[in-house]
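# Observations on the three-dimensional arrangement
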Amino acid sequence: MSALTFKEWSTAHQHRFEEVLRNLLPPSDIAPVRLHAAMRYSVLDGGKRVRPLLAFAAGEVCGAELKLVNFAAAAVELIHAYSLVHDDMPCMDDDVLRRGKPTCHVQFDEATALLVGDALQSLAFHLLTERSPNQDASRQLQMVKLLAAASGSRGMAGGQAIDLDSVGKQLSLPELESMHIHKTGALIRAAVLLGAHCGEEPGQEKLKHLDHFGKCVGLAFQVVDDVLDSEADTATLGKTAGKDADNDKPTYVTLLGVQAAKKMASDLHGEALDSLQEFGEEARRLRELADFIVLRKF
Ligand code: GRG
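Residues numbered from 1 in each chain as written. Predicted model: local features only at pLDDT ≥ 70, side-chain atom pairs only at ≥ 80, totals over all residues. Heavy atoms only, no water.

## Considerations on the overall build of the protein chain
Using the following cut-off: Per the convention used, a helix needs a DSSP run of H or I reaching at least four residues, while a strand needs a run of E reaching at least two, with both numbered from the N terminus. Computation of the radius of gyration draws on C-alpha atoms, with the globule rule given as 2.2 Å multiplied by the number of residues to the power 0.38. Burial classification: accessible surface area is computed with a 1.4 Å probe over protein chains only, and a residue below 20% of its type maximum counts as buried, one above 50% as exposed, and the rest as partly exposed. Computed with the Shrake-Rupley method and a 1.4 Å probe, the accessible areas treat only the protein chains shown as cover for residues. Positive charge is attributed to Lys and Arg, negative charge to Asp and Glu, and no charge count is given to His or to the chain ends. By convention, the charge on Lys lies at NZ, on Arg at CZ, on Asp at CG and on Glu at CD.
When its secondary structure is counted, the protein chain shows 15 helices and two strands. Relative to the globule expectation of 19 Å for 298 residues, the C-alpha radius of gyration of the protein chain, 18 Å, shows essentially globular dimensions. Taken along its principal axes, the extent of the C-alpha atoms in the protein chain is 50 × 45 × 35 Å. Looking at the protein chain residue by residue over its 298 residues, the buried ones come to 54%. Just so you have it, the protein chain exposes about 12,900 Å², and 55% of that area is on carbon and sulfur atoms. For the protein chain, the distance from the average position of its 32 positive side-chain charges to the average position of its 42 negative side-chain charges is 2 Å.

Printed below as a string of structure tokens:
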């Protein structure tokens, strides 16, 4: 059993993974230098790295080699970073602050920000194919399909489309849930499954439990994000607080009220932990990540 506390474990992975990303991203002195500099600016030195941590933790459950999980974790984080860069652009959320620094289009320009997103997305799939996070070709193909589905029109991009369309509208709870399961949840769920796929064949039953865990923490992540957006300040979040209300966007807080939204996050937390009941100590980090996702303050 690892003697590390969750804080020690996550900090060690965050630092180690920063180096992994630093080495995987194109150097900023190689042409096109402005694009490469903007890609590095958008990915490095920031973010909680929740999705990579979920991949590492799921990899632990499935006995995966860390160096293989690195590639899957990087692929997910690059997709996430691209989504943030595009989401912040004037045509979408039009935000100026991300991860405590000016957003990519503010620091560089809009066209560069658009290309950063495009290039990060391509790099993510390049990593999954070139770096072989699984030696078994059919499982590797499965991973590519998984990430494509999670980030495409039936996953994150689709959720974002619903989100943009929902401004000023009254959504029902199932509609809001569907929007967030796609926009935020799909990639978080994929992070868990990709981590698991880097290890031994987990078997259908194990995968089912891990998938349900990913679904619950993915939705819980968004409910908590809504609560933080309404309660925390900009300095703590490193992004503009109160944006959802300002943009007249439906959220769990506007629909349910803050107390009921917190109760929902707590119920999802419980359901996520229940889905790990079959696992022992090897799922410790996944349990701790579920705690972190629900109890976080930023
Ligand atoms: C542009 C295709 C496209 C999709 C954008 C994820 C997303 C979809 C938009 C981000 C908007 C947003 C703030 C959503 C709330 C949940 C969320 C994804 C927050 C940011 O993720 P964190 O907290 O960020 O993991 P860090 O910076 O820690 O990586």
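## Examining the environment of S28
When you line up the elements, S28 lands in the loop between α1 (6-24) and α2 (33-43). When the C-alpha positions of S28 and M39 are compared, they lie 8.6 Å apart, and in sequence the two are 11 residues distant.

## Re empty space enclosed by the protein
Basically, it comes down to this: Space inside and on the surface of the protein is sampled on a 1 Å grid over the protein atoms alone, with a cavity defined as a set of points where a 1.4 Å probe fits but cannot get out and a pocket as an open set with protein on both sides within 12 Å along at least 5 of 7 lines; lining residues have an atom within 4 Å of a point. Grid points are joined across faces, edges and corners, and a volume is the space filled by probe spheres set on the points. Amino acids are sorted into nonpolar (Ala, Val, Leu, Ile, Met, Phe, Trp, Tyr, Cys and Pro), charged (Asp, Glu, Lys and Arg) and polar (every other residue, Gly among them).
Evaluation of the coordinates by the stated rule reveals one cavity of 30 Å³ or more. Volume-wise, the largest cavity comes out at about 110 Å³. At the level of secondary structure, the elements contributing two or more residues to the lining of the largest cavity comprise α2, α4 (66-87) and β2 (101-102). Of the residues forming the lining of the largest cavity, the biggest block, three residues, is contributed by α4. Each residue belonging to the lining of the largest cavity can be placed in one class, and the counts come to six nonpolar, two polar and four charged.

## Some points on the site of the ligand
Quick reminder of the rule: One heavy atom within 4 Å of a molecule or strand makes the whole residue count as near it. What qualifies as a polar contact is a pair of N or O atoms within 3.5 Å, subject to a donor-acceptor requirement within protein and to the restriction that residues adjacent in sequence count only when both atoms come from side chains. By definition, a pocket or cavity contains a molecule when more than half of the molecule's atoms lie within 2 Å of the pocket's grid points.
Near the ligand lie 20 residues; those nearest to it are K48, R51, H80, D87 and R99. K48 places a side-chain nitrogen or oxygen 2.6 Å from an oxygen atom of the ligand. Here an oxygen atom of the ligand sits 2.8 Å away from a polar atom, N or O, in the side chain of R99. Its free accessible area being 700 Å², the ligand has 92% of it covered by the protein chains. Comparing atom positions with the cavity grids shows the ligand to sit within the largest pocket. Listed by contribution, the elements that provide at least two residues to the shell around the ligand are α4, α8 (156-165), α9 (173-197) and α10 (204-231). Among the elements that take part in the shell around the ligand, α4 stands out by supplying six residues, more than any other.

## Brief notes about the environment of V50
Tracing the chain through its elements places V50 in helix α3 (residues 50-61). Remark: the alpha-carbon pair of V50 and E77, spanning 27 residues in sequence, is separated by 8.8 Å.

## Observations concerning the packing of helix α6 (residues 110-130) against helix α7 (residues 137-151)
For any two helices packed against each other, one specifies the crossing angle of their axes together with the interaxial distance. The condition that has to hold: Note on geometry: axes are lines fitted to C-alpha atoms, helical ones only across the stretch in contact, with angles between N-to-C directions running from 0 to 180 degrees. Working definition: roughly parallel below 35 degrees, roughly antiparallel above 145 degrees, roughly perpendicular at 65 to 115 degrees, and oblique for all remaining angles. Helix crossings get a hand from a simple test, with the near helix turned counterclockwise from the far one by less than a right angle marking a left-handed crossing and a clockwise turn marking a right-handed one. Any two residues whose heavy atoms approach within 4.5 Å at even a single point are treated as in contact.
At a minimum axis separation of 9 Å, α6 and α7 run at an interaxial angle of 160°. Taken together, the axes of α6 and α7 lie roughly antiparallel to each other. Where α6 crosses over α7, the two elements pack in a sense that is right-handed. In this structure, α6 contributes Q121, A124, F125, L128 and T129 to the contact, and α7 contributes Q140, M143, V144, L147, A148 and S151. Within the contact of α6 with α7, the residues separate by chemical class into seven nonpolar, four polar and no charged.

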